[in-house]
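# Analysis of the macromolecular model
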Amino acid sequence: MTSEAFSRPTLDRRSFLGAALAAGVVLVAESTPTTAYAAAGDVTLTAGGISLLAGVGGRLAIRDGAGVTRSAGSKFQVKDSVTGIHVSTGGTPTLSALPDGTPAIRMDYTFDTAAGPTAVTGWFGVTTSHAALEWHVTGADTLVPEGFLFSRAIQAPTAPDDYVPITEWVRDTGGGIPYEDTLGVAHTSTWTTTLHGLFLLDRSRQAWTNTTWIHAPGVADPDGGWRSRADFFFSETRPSATVTIGRGRELGLELTTNRDFNLYESAGDQMELTALVANGGTAAKSVDLELWVRAFDGAQLAATTVTGSVAAAGTWQHTFTLPAPAGGIALAEVAVSSGDDEAFARTNLAVLPPFDYQAGTDSMFGIANYPWLQRPSADALLDLWQKAGISLVRIAYDGGPGLPPSAFDARGMRHNIELQPSLTAADDVAATWAADNLAVAVGAGAGYFEVGNELNRPFNTGDAAQAYLNKALRPVFDRRAVTGDTVKLMNNGLAGMDKPWVENFIAAGGWDLIDAFAYHPGRGNFTADYIPPGDVWTTGGDGTYWNFYGGLRRLKALMAEHGEKEIWLTEAYAPTKPNSWWHDTYRHAAENVLLTLALAKAEGVRCVCWYQSHDSVLGMPQVADPDNVEYHYGLMNRDLSPKPSLLAYATAARTLDQATFQGRLTFTDPQTSGLWFDTPDGPAVVLWNRADGYLLNTTGQRTDWHFPAPEVWIDPWPTKTPLTVAATTAVRQVDAIGQVTQIPVGNGSATLTLDGAPRIYYGLVPDTDDEGRHSLPTPG
């Protein structure tokens, strides 16, 4: 994958941690006083709609306005890099107060002697419907604040708890497109149709949270040690609005639609876009709610403004309706304003009709990782994947993240497996790993076992090839020979097309051990068809080593010398980190998705597994992270709306489902390129022109990594090249996102307009000359 060399400056936004305990604002317009009571070792704090009961042993119960306990916990957990995990063994509550006199509960936790100097003190307070919880931790320098957790058990919930990241849209001060940033993470609970609650933290990993523990990482305390903080709110509205109101964030806005993934099947379908406005202020607000919707070409599909009133600490909802466009994507922004206060949010809506794929096991189209975010449901996600043409999942096994193999078997979807070995293990440990994990692969029903992932560091040196053979691949190969299992073997998916690694791997005998060759063609700000000049490609964070087509051609040359293997691109990319010159804009990503898949089909690649389904990282799903390139690889946005990339993937899958590559097309203009495929719908020709070069994001004011990316509807290709070709029947043009345009045909010819964006044409019939060269005939 591409290495990340650039980082975004820290945003100046309100922090959730380190706030004064009494600073939380309430969920209702009228606050209520806090009362305190202590007797027989118990301490109680009460405010409107909530109370805290702390008891000997560390118990802390959160009760609703009727006195019903909704959450109860008693422990705090710390991690030490030397001595391991330590869980409190008890706690003593006392009635105390903050410096301003606000009543508070102090809880002094106890630990056994193995915890050494570790000390944890909790400070808990309440305001109306809100509890503020903070833990002060001191101890050895080897404490790991990322490993702090507190216990809680939700009492008699009526639905499973959920993990809901809270975000806001911001406009980049350096120019370019807006993006989402995180406001925190909510662990939500439900008790009745009207009573909900949530623990809100600045950061919290879903993977480290369960029904007993909430991950509550600490931050450095200026007075020494660390602090962990969580806020608890009772609420009757959605988590995003609860946060806006509960934290006093003036106006907040959340968008939802009436379809899963904001996808519609045909032109004219009623698209409903609902805006939920929250008012975190202490007075009612009159607001303007403004909507605009644009098509991929910039055409305005809708523009309207409505007015409304939002009560103090309340919400207001409005639904816009508009017809689905004939095809492609609709890009929507809603902004709410009242005086100087404003919030906005964006989402995408798209049309993706059904399609009957026929390629079956011959399909080239896969996804690179397990579906660990199954929203709104596992079935809905698999429905979407199959509608987009995904027929294979790179990783599936019982007990792994995401869905088990049986879920894919039920859908007729193939699945492989990738498991990661150690290259420093002792020989006996390596042999045991090989035996155990080959059994996992066989038990999962995997077609292929990809033995490891990106184990070719340091890149472009070949240094790791021998250790990989000794400690990983050969032990698995030898074990398979003993068991007689038929699962096929792949090398570890290399990061980039690492020629020195492959040459050393072949020289050491590795070529005969694999049934298929796997690598990950990471790509920087190059078009998908770029082949860097020279034999030495730099491997830094912005090096030419990170290219698609040059690496694929280099691999094909090695195979011509050493023997053919199936080629699997087990991770292919088009990351859309916002306003970063090294990464794709949303428009370029769609173009490069289509061209990547077309070139892969032309070169006989067996399967392309796209990385990944949606913007997120494993362990913190849907937590907005604008700085992290790993977060931005999805075909879908964080809110699960489609990127143009999703439509481009589906366009390629539908075009190439049963296609046979016939050859490259030649033109008198060397900057024009074309691929010719035979399909059940007749010849499909993919054409593009490189008059504007192979490098992307080269215009505008760039500062360090920053590139002010144009909006997705802005055409980035200034040079338009006409191409007149012979045509006697209708010519149909399909762009990267599946939009169809009819090209006029007259007097036996049609004139196409080419630029850097690849497009598919039907109705053109290529010729082949006596020397085997393919071209499009000209009129006359």
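Residues numbered from 1 in each chain as written. Predicted model: local features only at pLDDT ≥ 70, side-chain atom pairs only at ≥ 80, totals over all residues. Heavy atoms only, no water.

Right, let's talk about the sheet that holds strand S7 (residues 84-87) for a bit. One open sheet holds the 4 strands; their spatial order is S7-S6-S12-S17, and the pairing between them is antiparallel. Each edge of the sheet is formed by a strand with only one pairing partner; in this case those strands are S7 and strand S17 (213-215). Going across the sheet, the axis of each strand differs from the next one's by a mean of 25°, ignoring polarity. With 4 bridges joining them, strand S6 (residues 76-80) and S7 adopt antiparallel strand pairing. Counterpart to Val78 in the pairing with S7 is His86. (Pairing = 2+ DSSP bridges. Helix = DSSP H or I, 4+ residues; strand = E, 2+ residues; numbered from the N terminus. Axes fitted to C-alpha atoms, helices over the stretch in contact; angles between N-to-C directions.)

The sheet built from 6 strands is open, its strands ordered S1-S2-S3-S4-S5-S13 with antiparallel pairing. A single partner strand is all that each edge strand has here, and the edge strands are strand S1 (35-39) and strand S13 (153-154). For strand S3 (residues 50-54) and strand S4 (residues 60-64), the ladder comprises 5 bridges, and the chain directions are antiparallel. Bridge assignment links Ser51 to a residue of S4, and that residue is Arg63.

So, about the pattern of salt bridges. What the rule picks out here adds up to 37 salt bridges. The shortest N-O distance in the salt bridge between Glu571 and Arg394 comes to 2.7 Å. Taken together, the positions of Glu571 in strand S36 (residues 566-572) and Arg394 in the loop between strand S29 (392-393) and helix H3 (405-409) put the pair 177 residues apart, joining distant regions of the chain. Like Glu571, the residue Arg394 is buried in the burial classification. Among the ionic pairs, Asp715 bridges to Lys720, the shortest N-O distance being 2.5 Å. Here Asp715 falls in the partly exposed class, since its relative accessible area comes to 38%. Here the residues in one salt-bridge network are Glu134, Asp221, Arg227, Arg229, Asp231 and Arg247, joined through shared partners. (Salt bridge = Lys/Arg side-chain N within 4 Å of Asp/Glu carboxyl O. Buried < 20%, exposed > 50% of the residue type's maximum accessible area, 1.4 Å probe, protein only.)

Both S1 and strand S2 (residues 42-47) contribute to a ladder of 5 bridges, which runs antiparallel. Looking across to S2, one finds that Tyr37 is bridged to Thr44. Hairpin geometry of S1 and S2 is characterised by an intervening segment of 2 residues between the two adjacent antiparallel strands and by a positive phi of about 50° at Ala40. Hairpin connection, S2 to S3: the antiparallel pair is bridged by 2 residues, and Gly49 has positive phi, about 80°.

A word on the packing of aromatic side chains. Summed over all chains, the structure comprises 32 aromatic pairs. A ring pair is formed by Phe124 and Trp135, whose centres lie 5.8 Å apart and whose planes are at 65°; its orientation type is edge-to-face. Here Trp135 lies in strand S11 (residues 130-138) and Phe124 lies in strand S10 (residues 119-127), a separation of 11 residues in the sequence. As far as burial versus exposure is concerned, Phe124 and Trp135 are alike and both buried. When the centroid spacing of 6.3 Å and the interplanar angle of 80° are considered together, the rings of Phe148 and Trp226 count as edge-to-face. Highlighted residues: Phe148 in the loop between S11 and strand S12 (149-151) and Trp226 in strand S19 (residues 226-235), separated in sequence by 78 residues. Classification of Trp226 as buried rests on a relative accessible area of 15%. What links up through ring pairs into an aromatic cluster is the set Phe76, Phe124, Trp135, Phe148, Phe150, Trp191, Phe199, Trp226, Phe232 and Phe234. Sitting over the ring of Phe344, Arg171 keeps its end group 3.7 Å from the ring centre. Positioned above the aromatic ring of Trp208 is the side chain of Arg205, whose terminal nitrogen or guanidinium carbon lies 4.9 Å from the ring centre. (Phe/Tyr/Trp six-rings, centres within 6.5 Å; stacked < 30°, edge-to-face > 60°. Lys NZ or Arg CZ within 6 Å of the ring centre and 35° of its normal.)

Here the focus is helix H9 (residues 644-656). Taking 1.5 Å of rise per residue, 13 residues should cover 18 Å, and H9 covers 18 Å from first to last C-alpha, within 8% of that figure. The element H9 is extensively covered by neighbouring structure, given that 13 of its 13 residues are classed as buried. (Expected span 1.5 Å × (residues − 1).)

Here we come to the side chain of His706. Mapping His706 onto the fold places it in the loop between strand S40 (682-689) and strand S41 (721-726). Of the residues examined, His706 reaches a relative accessible area of 9% and is grouped as buried. There is a polar contact of 3.3 Å between the side chain of His706 and the side chain of Asp172. Only 3.2 Å separates the side chain of His706 from the backbone oxygen of Gly175, close enough to count as a polar contact. Those residues in contact with His706, other than ones at most four positions away along the chain, are Asp172, Gly174, Gly175, Asn579, Trp581 and Gln701. (Polar contact = N/O pair within 3.5 Å; in protein donor to acceptor, adjacent residues only side chain to side chain. Contact = heavy atoms within 4.5 Å.)

For the rest of this paragraph, the subject is the environment of Arg205. Here Arg205 lies in the loop between strand S16 (196-201) and S17. In this structure, the C-alpha to C-alpha distance between Arg205 and Ala600, residues 395 residues apart in sequence, is 37 Å. Beyond its immediate stretch of four places on either side in the chain, Arg205 contacts Glu146, Tyr163, His215, Leu618, Gly619 and Met620.

The next subject is the side chain of Asn348. The topology assignment puts Asn348 in strand S27 (residues 341-351). A polar contact is formed between the side chain of Asn348 and the backbone oxygen of Pro642, at a distance of 2.9 Å. Not counting chain neighbours up to four residues away, the residues in contact with Asn348 comprise Asn262, Ile329, Ala330, Leu331, Asn637, Ser641, Pro642, Lys643 and Pro644.

Turning next to the nonpolar core. Judged by nonpolar contacts, the single largest core of 107 residues is most densely connected at Phe449, Phe517 and Trp610. Ranked by the residues each element gives to this core, the list is headed by helix H8 (residues 586-602), at 10 residues. Apart from residues lying up to four places away in sequence, Phe449 is in contact with Ile417, Leu419, Trp433, Asn437, Leu438, Ala441, Val476, Val487, Lys488, Leu489 and Met490. Within the second largest apolar cluster, 36 residues are counted, among which are Ile105, Leu201, Phe232 and Phe234. (Core = buried A, V, L, I, M, F, W, Y, C linked by side-chain atoms within 4.5 Å.)

Running from N to C, helix H6 (residues 499-507) and helix H7 (residues 549-562) cross one another at 20°; their axes reach a closest spacing of 11 Å. Taken together, the axes of H6 and H7 are roughly parallel relative to one another. Crossing hand, H6 versus H7: right-handed. On the side of H6, the interface is formed by Lys499, Val502, Glu503 and Ile506, while H7 contributes Arg554, Leu558 and His562. When its residues are assigned to classes, the contact of H6 with H7 shows 3 nonpolar, 1 polar and 3 charged. (Parallel < 35°, antiparallel > 145°, perpendicular 65-115°, else oblique. Left-handed = near helix turned anticlockwise from the far one by under 90°. Nonpolar A, V, L, I, M, F, W, Y, C, P; charged D, E, K, R; others polar.)

The step from Arg375 to Pro376 runs through a cis peptide bond, and the omega angle for that step is -5°. Mapped onto the secondary structure, Pro376 falls in the loop between strand S28 (365-367) and helix H2 (378-388). In this model, Arg457 is joined to Pro458 through a cis peptide bond whose omega is -5°. With respect to the helices and strands, the residue Pro458 is situated in the loop between strand S32 (448-451) and helix H5 (465-483). A positive phi angle, near 55°, is found at Glu250, a position not held by glycine. Of note, Glu250 is situated in the loop between helix H1 (239-246) and strand S20 (251-257). A relative accessible area of 30% places Glu250 in the partly exposed class. In this model, Ala313 sits at a positive phi of 50°, which is unusual for a non-glycine residue.

Right, let's get into H2. Along H2, the positions that sit buried rather than exposed are Ala380, Leu381, Leu382, Leu384, Trp385, Lys387 and Ala388. Contacts from the buried residues of H2 go to strand S21 (263-264), S28, S29, H3 and H9.

What follows covers the packing of H5 against H6. Contact geometry of H5 with H6 gives a least axis separation of 8 Å together with a crossing angle of 55°. In terms of axis orientation, H5 runs oblique to H6. Considering only the axes of H5 and H6, their crossing is right-handed. Taking contact as the criterion, the partners of Ala465, Tyr468, Leu469 and Leu473 in H5 are, on H6, Trp501, Asn504 and Phe505. Tallied by class, the residues present in the contact of H5 with H6 amount to 6 nonpolar, 1 polar and no charged.

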